[in-house]
Amino acid sequence: MQPVKVRNVEIGSGMPKICVPIVGITRTDILSSAKEIRSAGADVVEWRADWYEDVFQFSLVTDTAKELRRILGEIPLLFTFRTAKEGGEKEITTDIYVALNRHAAQSGYIDLVDVEAFTGDKAVKEVIEAAHSCGVKVIVSNHDFHKTPEKDEIVSRLRKMQELGADIPKIAVMPQSRHDVLTLLEATEEMVYKYADCPVITMSMAAMGTVSRICGEVFGSSLTFGTVGKASAPGQMEIGELRTILEILHNSSVK
């Protein structure tokens, strides 16, 4: 498996990297959050643009991305419009979704974009092609806030994302039992050690799934999500606590 290098961060090598989301509604809130997150030491910052009140005005998206880039310096910036069907804040048509992600990738201020795998193969490939032509990496993702699919289905989805051209496949699922958490971890291990030629991100959500957010180095998930302020998904931990646990596990594994 080859790590993915974004600016000075190598996703897929060493300790799992910590990504912190920005979920501000106004430009002022977004930029204020960015300053807090920069001070907290995130490895990657995710701009959850579906929260942004002016997200459908592309020129304002560019202006805000420019300011985020100035504030974050060399911290990689991930652009994500999470659709309502996968737990996001707004409805969006496929055409506008593709156009928005293309625009973000082509702005020159974004390092990665997130495109949902179930948008449709044609749309996903269009975003990937546009992003790669600008040197922007792509996370292809799937989020199930209702259940945890069977292990083979999780692996199948991750392999499909890789086949579509994802730089990093990602899946997040909701556990209904402790066994569901084990299913996610088992699927992660199988994907990473049998099929993956790129880094993989997986997580089991909510309190029950918290263990999956801290044991990525053991099972193969290369990035986890922490918080500075408001969380973007259930089960995310505060960045300081999360980094402490990741470092303990990392130091134990390299002895």
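Everything that follows concerns the structure shown earlier in this document.
In this convention, every chain numbers its residues from 1, walking through the sequence in written order. Local features are withheld for residues below a pLDDT of 70 in this predicted model, meaning they are given only at 70 or higher, and side-chain atom pairs are given and counted only at 80 or more; totals for whole chains, interfaces and linings count all residues. As a rule here, side-chain values cover all heavy atoms of the structure and leave hydrogens and water aside.

Considering unusual backbone geometry
For residues that are not glycine, phi is negative in most cases, and the peptide bond is trans in most cases.
Inference 1: Located in the positive-phi region is Arg-7, a residue other than glycine, with phi close to 55°.
Inference 2: Residue placement: Arg-7 occurs in the loop between strand S1 (4-6) and strand S2 (9-11).
Inference 3: Residue Ala-206 is not a glycine yet carries a positive backbone phi of 65°.
Inference 4: Relative to the elements of secondary structure, Ala-206 occurs in the loop between strand S9 (201-204) and helix H7 (210-214). Helix and strand assignments come from DSSP, with helices taken as H or I runs of at least 4 residues and strands as E runs of at least 2, each series counted from the N terminus.

Thoughts on the pairing of strand S7 (residues 137-144)
Successive residues of a regular strand alternate their side chains across the two faces of the sheet.
Inference 1: Throughout, exposure labels follow a simple rule: accessible area from a 1.4 Å probe, protein chains only, divided by the maximum for the residue type, with under 20% read as buried, over 50% as exposed, and the rest as partly exposed. Taking burial as the measure, the 8 residues of S7 include 7 buried ones, the bulk of the element.
Inference 2: Across 5 bridges, the pairing between strand S6 (residues 112-116) and S7 is parallel. In the strand pairing of S7, Glu-116 is matched with Ser-141.
Inference 3: For crossovers, right-handed means that the path from the first strand over the helix to the second runs clockwise, given strands pointing away from the viewer. On the question of chirality, the crossover connecting S6 to the parallel S7 by way of helix H4 (residues 121-133) is right-handed.
Inference 4: Of the strand pairs in this sheet, S7 and strand S8 (residues 168-173) are connected by 6 bridges, and their pairing is parallel. By the bridge assignment for S8, Ile-139 is matched with Ile-168. Any two strands are treated as partners once DSSP identifies two or more bridges connecting them.

A short note on the environment of Gly-235
Inference 1: For Gly-235, the position within the fold is in the loop between strand S10 (223-227) and strand S11 (237-238).
Inference 2: Taking the relative accessible area as the measure of exposure, Gly-235 reaches 22% and is therefore partly exposed.
Inference 3: For the pair formed by Gly-235 and Val-124, sequence separation is 111 residues and the distance between their alpha carbons is 28 Å.
Inference 4: Residue contacts are defined here by distance: any two heavy atoms, one from each residue, within 4.5 Å place the two residues in contact. The residues contacting Gly-235, other than those within four sequence positions of it, are Ala-206, Ala-207, Thr-210 and Arg-213.

Section: the packing of aromatic side chains
Inference 1: Whether two aromatic rings pair depends on their centres lying within 6.5 Å, for rings of Phe, Tyr and Trp, where Trp uses its six-membered ring; planes under 30 degrees apart make the pair stacked, over 60 edge-to-face, and the rest tilted. What the rule picks out here adds up to 4 aromatic pairs.
Inference 2: Look at Trp-47 and Tyr-52: their rings are 5.6 Å apart centre to centre, the planes differ by 50°, and that puts the pair in the tilted class. The burial state of Trp-47 is the same as that of Tyr-52; both residues are buried.
Inference 3: Between Phe-81 and Tyr-97 the ring centres are 6.5 Å apart and the planes differ by 80°, which places this aromatic pair in the edge-to-face class. Of this pair, Phe-81 sits in the loop between strand S5 (77-80) and helix H3 (94-106) while Tyr-97 sits in helix H3, placing them 16 residues apart in sequence.

Some words on H3
Inference 1: Between its terminal C-alpha atoms H3 stretches 18 Å, which fits the 18 Å expected from 13 residues at 1.5 Å a residue.
Inference 2: Taken together, the buried positions of H3 are Tyr-97, Val-98, Leu-100, Asn-101, Ala-104 and Ala-105. Down the axis of H3, the buried set is contained in an arc of 165°. They therefore lie on one face.
Inference 3: Lining the buried residues of H3 we find helix H2 (58-72), S5, S6 and H4. To estimate the expected span of a helix, subtract one from its residue number and multiply by 1.5 Å. By arc we mean the arc of the directions from the helix axis to the C-beta atoms, nothing more.

Considering the sheet that holds S9
Inference 1: Pairing within the open sheet is parallel, and its 9 strands lie in the order S9-S8-S7-S6-S5-S4-S3-S10-S11. A single partner strand is all that each edge strand has here, and the edge strands are S9 and S11.
Inference 2: Relative to S5, strand S4 (residues 44-48) is paired through 4 bridges, and the arrangement is parallel. Pairing of Arg-48 across the sheet is with Thr-80, part of S5.
Inference 3: Orientation is described by lines fitted to C-alpha atoms, with helices fitted over the stretch in contact, and by angles between N-to-C directions that extend from 0 to 180 degrees. Here H3 sits on the sheet and contacts S5 and S6; the angle it forms with S6, its principal contact strand, is near 165°.

Side note on the nonpolar core
Inference 1: Take the buried residues of types Ala, Val, Leu, Ile, Met, Phe, Trp, Tyr and Cys, join any two whose side-chain atoms come within 4.5 Å, and each joined set is a nonpolar core. Formed by 63 residues in total, the largest nonpolar core has its most connected members in Ile-22, Val-45, Trp-47, Leu-68, Phe-79, Val-113 and Val-140.
Inference 2: Here this core takes 6 residues from helix H6 (residues 178-195), the largest share from any one element.
Inference 3: If we ignore the near neighbours within four places in the chain, the residues touching Val-45 are Cys-19, Val-20, Ile-22, Ile-37, Leu-72, Ile-75, Pro-76, Leu-77 and Leu-78.
Inference 4: Of all hydrophobic cores here, the second largest spans 17 residues; its members include Val-4, Ile-11, Met-174 and Met-203.

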